[in-house]
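# Geometric and topological summary
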Amino acid sequence: MRIWLSRPHMSGREEAYVAKAFESNFIAPLGPQLDAFEASVAEYLGGGVHCVGLSSGSAALHLALRLVGVEAGDEVWISSMTFAGGIFPVLYMGATPVFFDLDPKSWTIDVALLGEALESAAKTGKLPKAIVPTDLYGQSVDLDPLEALSSKYGVKLIVDSAESLGAAYTNGRKCGTGGDASILSFNGNKIITTSGGGMLVTQSKDIADGARFLATQARDPAPHYEHSTFGYNYRLSNVCAAIGIGQMEVLEMRVAARRAINERYQAELNIPGISFMPEPEGYYSSKWLTTITVDPQQTGISSKNIREMLMEHQIESRPLWKPMHMQPLFSGTRYVGSRVDENLFDTGLCLPSGSDMLDAEQGEVIDRIKTLLAKI
Ligand SMILES: *Cc1c(COP(=O)(O)O)cnc(C)c1O
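Rules used in this analysis
- Residues numbered from 1 in each chain as written.
- Predicted model: local features only at pLDDT ≥ 70, side-chain atom pairs only at ≥ 80, totals over all residues.
- Heavy atoms only, no water.
- Helix = DSSP H or I, 4+ residues; strand = E, 2+ residues; numbered from the N terminus.
- Rg over C-alpha atoms; globule rule 2.2 N^0.38 Å.
- Buried < 20%, exposed > 50% of the residue type's maximum accessible area, 1.4 Å probe, protein only.
- Contact = heavy atoms within 4.5 Å.
- Areas by Shrake-Rupley, 256 points an atom, 1.4 Å probe, with all protein chains shown as cover.
- Lys, Arg positive; Asp, Glu negative; His and termini not counted.
- Charge placed at Lys NZ, Arg CZ, Asp CG, Glu CD.
- Pairing = 2+ DSSP bridges.
- Axes fitted to C-alpha atoms, helices over the stretch in contact; angles between N-to-C directions.
- UniProt positions renumbered as here; feature names shortened; annotations may be inferred.
- Near = heavy atom within 4 Å.
- Polar contact = N/O pair within 3.5 Å; in protein donor to acceptor, adjacent residues only side chain to side chain.
- Nonpolar A, V, L, I, M, F, W, Y, C, P; charged D, E, K, R; others polar.
- Expected span 1.5 Å × (residues − 1).
- Phe/Tyr/Trp six-rings, centres within 6.5 Å; stacked < 30°, edge-to-face > 60°.
- Lys NZ or Arg CZ within 6 Å of the ring centre and 35° of its normal.

- As recorded by an unreviewed UniProt entry, the chain carries the name dTDP-4-amino-4,6-dideoxygalactose transaminase and is attributed to Litoreibacter albidus.

This is the structure:
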């Protein structure tokens, strides 16, 4: 590939922080760089949140599910259109996922649908233990009504903010601060990266303490190794956290760059039959990936035609997440919705959106799409 969907984008200062970790020999899953990285994310998010650095976003979700009390056999209600890492931890817990559709006005979980389903589940005493909506492509879920439903029905809320660090819900409320816990990812293709890593963010000191305990093999206080439960080796490496310190310094610039890329796509691909993911009034999406849908009736081509044409020119684009209820793994799993997500998967495409993409590179992507459309 010459032009990538989303690549790691270093500020140039990360190596100096990594060197500091080496100088102090904290080549370990704990250390001052990890403390500093957690503190910088906590300070950025504000509101006195607790942040626990972990080896991945999936690990963060696994711990969050366990710490809010999800047990084998419980139901977890979850956005169907999301990445596997935002789903598989439900299976690690032996819990049963129920998949929910998106609201076409926001492409995030359909809150009205969820509310109706909770109301009828409450009547039959079959409420889920937790709901896990995703901030899709960097756009916040509709947090206020979700938090209201969570407290009304006593159902735990874990927000998957893996793609939305640097974004905000309405009134400037930052993504990553929602629910009983939120999860972040610092995988190589996300807004900022630690080469691999994640974080659990919560207002609850108990959940944060529990995450630190479980992520370091559940060691009870004792001079020897004493265990009253089982844990995991899930802590973020101190060396990787050092990369994160440098990345946090440029987070807002990275989001601004992705938003500018999105604005240019919208301005220059203002073509009948091409639509963009809507951004509700007052939201501030990280625009992690710019996503379009292509109406074959109006354009004469499909999103697949665009993807294959771009691929011929070594330009990476990708279909939207294939909804989980369409995956062979989950055949027969309950799905609630009217297939808004299926339609988005059929017609959608993620365009190159990396914050390090050059103006000329984006210009080439745009020109090639326009040329293809002109040929029809
Ligand atoms: C990336 C991602 C995850 C998982 O994060 P990892 O750090 O790759 O484990 C979970 N959910 C969503 C929506 C993601 O995009």
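## Overview of the overall build of the chain
- Regarding its fold elements, the chain presents 13 helices and eleven strands.
- In terms of overall dimensions, the chain is globule-like: its C-alpha atoms have a radius of gyration of 21 Å, near the 21 Å expected for 376 residues.
- Across its three principal directions, the C-alpha atoms of the chain cover 75 × 60 × 40 Å.
- The burial tally for the chain puts 56% of its 376 residues in the buried class.
- Of the contacts made within the chain by residues no fewer than 6 positions apart, 73% connect residues no fewer than 24 positions apart.
- In the structure as shown, the chain presents an accessible area of about 15,700 Å², 52% of it carried by carbon and sulfur atoms.
- Between the mean site of the 32 positive side-chain charges and the mean site of the 43 negative ones, the chain shows a separation of 2 Å.

## A few points about the sheet that holds strand β9 (residues 290–294)
- The strand order across the open sheet formed by three strands is β8-β9-β11, and the pairing between neighbours is antiparallel. The open sheet has two edge strands, β8 (274–276) and β11 (348–351), and neither has a second partner. Strand after strand, the sheet turns through a mean of 35° between neighbouring axes, direction not considered.
- The sheet strands contacting helix α11 (residues 303–312) are β9 and β11, and the helix crosses β11 at an angle near 30°.

## Some words on the UniProt feature "modified residue: N6-(pyridoxal phosphate)lysine" (unreviewed entry) in the chain
- Annotation from UniProt places "modified residue: N6-(pyridoxal phosphate)lysine" (unreviewed entry) at K190.
- Positionally, K190 belongs in the loop between β6 (181–185) and β7 (198–202).
- Beyond its immediate chain neighbours, meaning those up to four positions away, K190 contacts A162, E163, S185, R258 and W288.

## Details of the site of the ligand
- Around the ligand, the structure places 15 residues, and the nearest of them are S58, D160, E163, S185 and K190.
- Here an oxygen atom of the ligand and a backbone polar atom of G57 are 2.7 Å apart.
- In this structure, S58 approaches the ligand through a side-chain N or O atom, which is 2.4 Å from an oxygen atom.
- The fraction of the free accessible surface of the ligand (380 Å²) that becomes covered by protein chains is 94%.
- Of the residues in the shell around the ligand, the class split is two nonpolar, ten polar and three charged.

## Some points on helix α13 (residues 359–375)
- For α13, with 17 residues, the first-to-last C-alpha span of 24 Å sits near the 24 Å given by 1.5 Å per residue.
- Among the residues making up α13, those that are buried are Q362, G363, E364, V365, I366, I369, L372 and L373.
- The inward-facing, buried residues of α13 abut α9 (251–268), β8, α10 (296–299), α11 and β11.

## Concerning the packing of aromatic side chains
- Enumeration over the complete set of coordinates arrives at ten aromatic pairs.
- A centroid spacing of 5.1 Å and a plane angle of 35° characterise the contact between W77 and F100, whose relative ring orientation is tilted. Taken as a pair, W77 in strand β2 (residues 75–79) and F100 in strand β3 (residues 96–100) lie far apart in primary sequence, 23 residues in all.
- With a relative accessible area of 0%, F100 lands in the buried category.
- When the ring of Y232 is compared with that of Y234, the centres are 4.9 Å apart and the planes differ by 10°; the resulting orientation is stacked. The same class applies to Y232 as to Y234, namely buried.
- What links up through ring pairs into an aromatic cluster is the set F83, Y137, W288 and W321.
- Residue placement shows R66 over the ring face of F230; its charged tip is 4.2 Å from the ring centre.
- One cation-aromatic arrangement involves R259 over Y284; the distance from NZ or CZ to the ring centre is 4.2 Å.

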